[in-house]
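The lines below spell out each chain.
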Amino acid sequence: MDGHGEMGLIGEHFDPGFVGRMREDGYESRSGSDNFEVASGDDQDAAGDGPRKKKKYHRHTPLQIQELESFFKECPHPDEKQRTELSRRLGLEGKQIKFWFQNRRTQMKTQLERHENVILRQENDKLRAENDLLKQAMSTPVCNGCGGPAVPGEISYEQHQLRIENARLKDELSRICALTNKFLGRPLSSSGSPIPSQGLNSNLELAVGRNDFGGLNNAGTTLPMGFDFGDGAMMPLVKPVVHEMQYGRPAFVDAALSAMDELIKMAQMDNPLWIKSLDGGMESLNIDEYRRTFSSNIGMKPSDYATDATRATGLVYLRGLALVEALMDANRWVEMFPCMISRAATIDVLSSGTGGTRDNELLMIDAEFQVLSPLVPVRQVRFIRFCKQHSEGVWAVVDVSIDASQGAANAQMCRRLPSGCLIQDIDNKCSKVTWVEHSEYDDRAVHHLLQPFLSSGFGFGAHRWLATLQRQCDCMAILMSQDIPGEDNTGITPAGKKSLLKLAQRMTYNFCSGVCASSVHKWEKLSVGNVGEDVRVMTRKSINDPGEPHGVVLSAATSVWMPITQERLFDFLRDERMRSEWDILSHDGPIQEMVHVAKGMEHGNCVSLLRGNAGNANKNNMLILQETWSDASGAFVVYAPVDISSISAVMNGGDSAYVALLPSGFAILPCISPNYHGGRNDSNGPLVKLETDGSVSGGCLLTVGFQILVNNIPTAKLTLESVETVNNLISCTIQKIKASLP
């Protein structure tokens, strides 16, 4: 590995000219405020005298831009005194300051006007579409009783009786199709088509409502059969396979209502459907009882698939409506579960909510689920998500797969059976959440070391989802609190605290992407003979990303079994006094914590800035940004070296998007021993004992991941020496950790 190989990992030889090269390449204007490069005051005054000369343009430095942006947020119209002070502090002329603020205000006004125009156009299109739909619905209303025209007219007694008989036969046919569905495992019409015979539109059924998840309400006049909001097209699926639901929008509604009915029953029923673990916490599904109680909505389970079905209940410090808003927004959903969801996108809105709320909203979502280990493939699932308000303060959100074939070649095949949560407000501060997770997956692609972890329900089970949700809600409550015990924010402004947390969020997100090989980044997997069997090495090119060093990035990760509890291993890795036992960054002495931002009541849940031995002149220009947390779902220690000048601007409220970093760190997963084969059968699920920190008696799984800049030229070829170096780095780190623990 060349000299740049280690700098990406440990930051010892961070190139100060890197920012200058980015400015020369034209990346400086990314801030959005320095797109307006203005001439100095003398140049502008002289522009009208004599022949026109080419104006001299002065590029502002990133630090000057950050200072100007920060001041602009507080005061867009500085007076003469304030401009003079900025001029003195930033080393710019007074007219440069004045022109910069003028240009920035002009740019802001233009952006706001453009945004308002877009919103107005969208509202106009929406109103126009609603008007057209209402006109069409009013032109051909039908009667609920007989299916005939709702407008009275000349009709004989015989015709009236025939229409009543026709309506009765349609109802009887619907009941027969429903019974056929229970026996065959798939909906059938009278002609054998997989498309339901009712043909009702999703928005129509949701708008009219159902009684106890059953038939349509009888009151009022409905729209014509087959009337469709929007384009009315069938939803195309990626590949036709066995058990694939090749339905249109009406069938999606039937699937959503059926899944909601199943979720409510599974959340409310107890023994014999659910079997509690030995500690009384996580509950596992009795598969035999489930098959006797429910019929499958997505066909029979493939013979080579395993089942993972668990339930967990707990209190979260968040109102039900706020939690529903987060779950129904794909971006906020990913932010709430960053270590479990690598990517999610809403690809279609099948039905919007009722009355401007999330009630009766039906979405189609593509998501990528992950476990923080390179030995577990990501799960790419396409499903529909349905939200329903059952009463005041009681909500339910359910998911069910619609395309079992969706996913990349390296993804794990998985089907999501009715899963989700029942949310009930307790008071104005917290709510009770019952989480149900039920999936079937192909476990042949899972490494044998991780198979007990998944089969016991810890990988993707309800226990992990609920624990993550509780920790994130506690974090939000702590960050909104003014008095936080143990927090040290010396030298950081409130805006700087927000920027620092945003930078730590990006660091965590990139670490998970490198460990799990998600589709967020274009990783290329390497097969090298000298690398350990369980070590996965990948590479990608970092170009035009101000948040990462420019060049070739190498990622390496592996997971190992550790015969020690999650709590002890977490305390060892986050202890600054013990860091020199395993971290090459601190081999010269202990690490000192400079800034501590709490993210939970536990002292270990925090974001911090660490500094190495201050007496070492070669390293005193680098700091370590670190985030740590621990809960019942696992523990996490991730860090990245950062330049002091860059992090200083962030601590003063500057934009963190321009801080280049490559994260490394550890993920600790609670698990039983890989040699353990008991405690589970097809009916009762896992029967294992949890420790107080959520780990299982006997040990845990440790995932180690490093991301390194091996060359600052994106077109450079990766050398075998670089791969061997990172492989040795992982092996050495694991050996040091094992040697330091009794």
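Residues numbered from 1 in each chain as written. Predicted model: local features only at pLDDT ≥ 70, side-chain atom pairs only at ≥ 80, totals over all residues. Heavy atoms only, no water.

Regarding its fold elements, the protein chain presents 18 helices and 21 strands. Of all 742 residues assigned to the protein chain, the portion counted as buried reaches 50%. Total accessible area on the protein chain stands at roughly 35,200 Å², and carbon and sulfur atoms take up 52% of it. (Helix = DSSP H or I, 4+ residues; strand = E, 2+ residues; numbered from the N terminus. Buried < 20%, exposed > 50% of the residue type's maximum accessible area, 1.4 Å probe, protein only. Areas by Shrake-Rupley, 256 points an atom, 1.4 Å probe, with all protein chains shown as cover.)

Once that is clear, we can look at the sheet that holds strand S17 (residues 634–643). Across the sheet, nine strands lie side by side as S11-S12-S13-S21-S18-S17-S16-S15-S14; this open sheet has antiparallel pairing. The open sheet has two edge strands with one neighbour each: strand S11 (524–526) and strand S14 (592–598). Taking the axes of each pair of neighbouring strands and ignoring which way they run, one obtains an average angle of 20 degrees across the sheet. Direction of pairing for strand S16 (residues 622–631) relative to S17: antiparallel, over a ladder of 10 bridges. Looking at the pairing, Ile624 lines up with Pro641 of S17. On top of the sheet, helix H18 (residues 720–740) reaches S11, strand S12 (536–542), strand S13 (551–562), strand S18 (664–670) and strand S21 (700–711); it is set at about 30 degrees to S13, its chief contact. (Pairing = 2+ DSSP bridges. Axes fitted to C-alpha atoms, helices over the stretch in contact; angles between N-to-C directions. Contact = heavy atoms within 4.5 Å.)

Remark: helix H4 (residues 62–74) packs on helix H5 (residues 80–90), axes separated minimally by 11 Å, with the N-to-C direction vectors making an angle of 160 degrees. Taken together, H4 and H5 sit at an angle that is classed as roughly antiparallel. Both H4 and H5 take part in a crossing whose hand is right-handed. Contacts from Gln64, Glu67, Leu68 and Phe71 in H4 reach Gln82, Leu86, Arg89 and Leu90 in H5. Here the contact of H4 with H5 is composed, by residue class, of four nonpolar, two polar and two charged. (Parallel < 35°, antiparallel > 145°, perpendicular 65-115°, else oblique. Left-handed = near helix turned anticlockwise from the far one by under 90°. Nonpolar A, V, L, I, M, F, W, Y, C, P; charged D, E, K, R; others polar.)

On inspection of all chains with the given rule, the structure shows 24 salt bridges. Residue Asp631 pairs with Arg471 through a salt bridge whose shortest N-O separation is 2.6 Å. Of the two residues, Asp631 sits in strand S16 while Arg471 sits in helix H14 (residues 462–480), which places them 160 residues apart along the sequence. With respect to burial, Asp631 and Arg471 carry one shared label: buried. Here the salt bridges share partners, and the residues they tie into one network are Arg385, Asp399, Arg416 and Glu437. (Salt bridge = Lys/Arg side-chain N within 4 Å of Asp/Glu carboxyl O.)

So, about the packing of aromatic side chains. For any pair of aromatic rings, geometry is given as the distance between the ring centres together with the angle between the planes. Enumeration according to the criterion identifies 17 aromatic pairs in this entry. When the ring of Trp333 is compared with that of Phe383, the centres are 6.2 Å apart and the planes differ by 80 degrees; the resulting orientation is edge-to-face. In this pair, Trp333 sits in helix H12 (residues 330–336) while Phe383 sits in strand S6 (residues 379–391), placing the two residues 50 residues apart along the sequence. Residue classification places Phe383 among the buried residues on the basis of a relative accessible area of 0%. Seen in terms of ring centroids, Trp582 and Phe666 are 5.0 Å apart; in terms of plane orientation they differ by 85 degrees. Their pairing is edge-to-face. With Trp582 in the loop between helix H16 (566–574) and S14 and Phe666 in strand S18, this pair connects stretches of sequence that are 84 residues apart. Accessibility expressed as a relative area gives 0% for Phe666, which makes it buried. Three or more aromatic residues joined by ring pairs make a cluster, and in this case those are Trp333, Phe337, Phe369, Phe383, Trp435 and Trp465. It is Arg385 that lies over the ring of Trp333; its NZ or CZ is 4.1 Å from the centre. A cation over a ring is seen here: Arg416 above Phe383, with NZ or CZ 5.7 Å from the ring centre. (Phe/Tyr/Trp six-rings, centres within 6.5 Å; stacked < 30°, edge-to-face > 60°. Lys NZ or Arg CZ within 6 Å of the ring centre and 35° of its normal.)

Moving on to the confidence of the model for the protein chain. Residues with a pLDDT of 70 or more make up 70% of the protein chain, whose mean pLDDT is 75. Ranking the elements of the protein chain by mean pLDDT puts helix H8 (residues 202–208) last with 34 and strand S9 (residues 419–425) first with 95. Note that pLDDT drops below 50 for residues 188–247; the model gives that stretch 123 contacts with residues more than four away or on any other chain. For the stretch residues 676–696, pLDDT sits under 50, and the model shows 59 contacts to residues farther than four places along the chain or on other chains. (pLDDT = per-residue confidence, 0-100.)

Here we come to the nonpolar core. The nonpolar side chains of soluble globular proteins are, as a tendency, buried together. Counting 51 residues, the largest nonpolar core has Trp333 and Phe337 as the members making the most contacts within it. Considering each element in turn, this core owes the most residues, five residues, to H14. One finds Val560, Leu573, Val637 and Tyr639 within the second-largest nonpolar core, a separate group that totals 34 residues. (Core = buried A, V, L, I, M, F, W, Y, C linked by side-chain atoms within 4.5 Å.)

Before going further, it helps to spend a moment on the pairing of S17. With 10 of its 10 residues buried, S17 lies for the most part within the structure. Hairpin connection from S16 to S17: two residues lie between these consecutive antiparallel strands. Note: S17 against S18, five bridges, orientation antiparallel. Counterpart to Val638 in the pairing with S18 is Gly665.

Moving on, we come to the environment of Cys516. Here Cys516 shows up in helix H15 (residues 494–516). Among the residues examined, Cys516 registers a relative accessible area of 3% and is labelled buried. In this structure the C-alpha to C-alpha distance between Cys516 and Ala557, which are 41 residues apart in sequence, comes to 8.7 Å.

Interaxial distance between H15 and helix H17 (residues 644–651) falls to 7 Å at its minimum, and their mutual angle equals 125 degrees. Considering the angle they form, H15 stands oblique to H17. Touching Gly496, Ser499, Leu500 and Leu503 of H15 are Ile647, Val650 and Met651, all from H17.

The next subject is unusual backbone geometry. Look at the link from Asn271 to Pro272: it is a cis peptide, with omega at 15 degrees. Positionally, Pro272 belongs in the loop between helix H9 (249–268) and strand S1 (274–276).

This brings us to H4. Its 13 residues give H4 an end-to-end C-alpha distance of 19 Å, which sits within 8% of 18 Å, the value for a rise of 1.5 Å per residue. Within the sequence span of H4, burial applies to Gln64, Ile65, Gln66, Leu68, Glu69, Phe71 and Phe72. (Expected span 1.5 Å × (residues − 1).)

The subject of this paragraph is the environment of Cys606. By secondary structure assignment, the location of Cys606 is in strand S15 (residues 606–611). Sequence separation of Cys606 and Ser630 is 24 residues, and the distance between their C-alpha atoms is 9.9 Å. Setting aside residues no more than four positions away along its own chain, Cys606 makes contact with His596, Val597, Ala598, Lys599, Gln626, Glu627 and Thr628.

The α-helix advances 3.6 residues per turn, and as a result positions three or four apart in sequence lie on the same side. In a regular helix each residue adds 1.5 Å, so 23 residues correspond to 33 Å; H15 covers 34 Å between its end C-alpha atoms and thus fits that length. Just downstream of H15 lies Ala517, where phi reads positive at about 55 degrees.

Okay, the pairing of strand S5 (residues 362–369) next. With eight of eight residues buried, S5 lies mostly within the body of the structure. Burial along S5 is two-sided: the face carrying Leu362, Met364, Asp366 and Glu368 and the face carrying Leu363, Ile365, Ala367 and Phe369 are both buried.

Moving on to the side chain of Asp359. Take Asp359: it is sitting in the loop between strand S4 (341–351) and S5. Buried charge without a salt bridge: Asp359, with Lys388 as the nearest opposite-charge side chain at an N-O distance of 4.2 Å. In this structure the side chain of Asp359 is engaged in a polar contact, spanning 2.9 Å, whose partner is the backbone nitrogen of Gln389. Dropping the residues within four chain positions of it, Asp359 is found in contact with Gly353, Thr354, Cys387, Lys388, Gln389 and Trp395. (Lys, Arg positive; Asp, Glu negative; His and termini not counted. Polar contact = N/O pair within 3.5 Å; in protein donor to acceptor, adjacent residues only side chain to side chain.)

This paragraph deals with the side chain of Ser439. Relative to the elements of secondary structure, Ser439 occurs in strand S10 (residues 431–441). If near-sequence neighbours (up to four positions away) are discounted, Ser439 is found in contact with Ala306, Thr307, Asp308, Arg379, Cys414, Arg415 and Leu417.

This next bit is on the environment of Gln707. Of note, Gln707 is situated in strand S21. Looking at Gln707, its side chain comes within polar contact range of the main-chain oxygen of Asn510, at 3.0 Å.

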